[in-house]
Amino acid sequence: MKNRLPTSDKDFVESLIPQRHPFVMVHELTEYSENHLISQFEVKEDNIFVQDGVFQASGLIEHQAQSVALHTGYKYYLLGKEAPTGYIGAIKSFEAETLPAIGDQLKSEVTILNEIMGVTLVDIVTKLNGEIIARSQMKTAVK
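Residues numbered from 1 in each chain as written. Predicted model: local features only at pLDDT ≥ 70, side-chain atom pairs only at ≥ 80, totals over all residues. Heavy atoms only, no water.

A. Looking closely at the pairing of strand 8 (residues 131–142). In this sheet, strand 8 lies alongside strand 5 (residues 86–96) in antiparallel orientation, the contact comprising 9 bridges. Across the sheet, the residue bridging to Ile91 is Met138, located in strand 8. The antiparallel pairing of strand 7 (residues 119–128) with strand 8 creates a hairpin that spans 2 residues between the two strands, and Asn129 there sits at a positive phi of about 55 degrees. (Pairing = 2+ DSSP bridges. Helix = DSSP H or I, 4+ residues; strand = E, 2+ residues; numbered from the N terminus.)

Structure follows, in structure tokens:
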């Protein structure tokens, strides 16, 4: 395998998800297993979800969803296949304790709870400096 983990190779990470600049909300793939992934993301000033220096809750949701897409994309990469396009099917729950600021480094852990017929149920926890700032449970679907 060409790209070993962890990787913050921008082109490689972006090749694993369907989103493109300026809508990319993952910068690093840190860990991967069949049922688990850790991603990272740095909030930059020019991010479309930053308002008055604060990364909005909608950006946190998108970061979490793209972390799930990163899991799917890397799985397909390991299989030598092109990653499918995915969608958020449903957000069962979402809680944000704190909204990050410009320069903050987010770390999200995705746990795959169930995957059947292209629909994946996941738990996602996002941390800032080791503290949980957001958590969600969502279903994603692939095209």
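B. Looking closely at the environment of Ala101. Relative to the assigned elements, Ala101 resides in the loop between strand 5 and strand 6 (105–116). Ala101 sits in the partly exposed class, given a relative accessible area of 30%. In sequence terms Ala101 and Gln51 are 50 residues apart; their C-alpha atoms lie 9.4 Å from each other. (Buried < 20%, exposed > 50% of the residue type's maximum accessible area, 1.4 Å probe, protein only.)

C. Broad picture of the nonpolar core. By size, the foremost hydrophobic cluster in this structure holds 18 residues, and its most contacted members are Leu16, Leu29, Leu70, Val110, Val122, Ile124 and Met138. Contributions of two or more residues to this core are made by helix 1 (10–15), helix 2 (57–78), strand 6 and strand 7. Ranked by the residues each element gives to this core, the list is headed by helix 2, at 5 residues. Ignoring any residue separated from it by four or fewer positions in sequence, one finds Val122 in contact with Val68, Val110, Thr111, Ile112, Leu113, Ser136, Gln137 and Met138. Residues Phe41, Leu60, Leu128 and Ile133 belong to the second largest nonpolar core, which totals 11 residues. (Core = buried A, V, L, I, M, F, W, Y, C linked by side-chain atoms within 4.5 Å. Contact = heavy atoms within 4.5 Å.)

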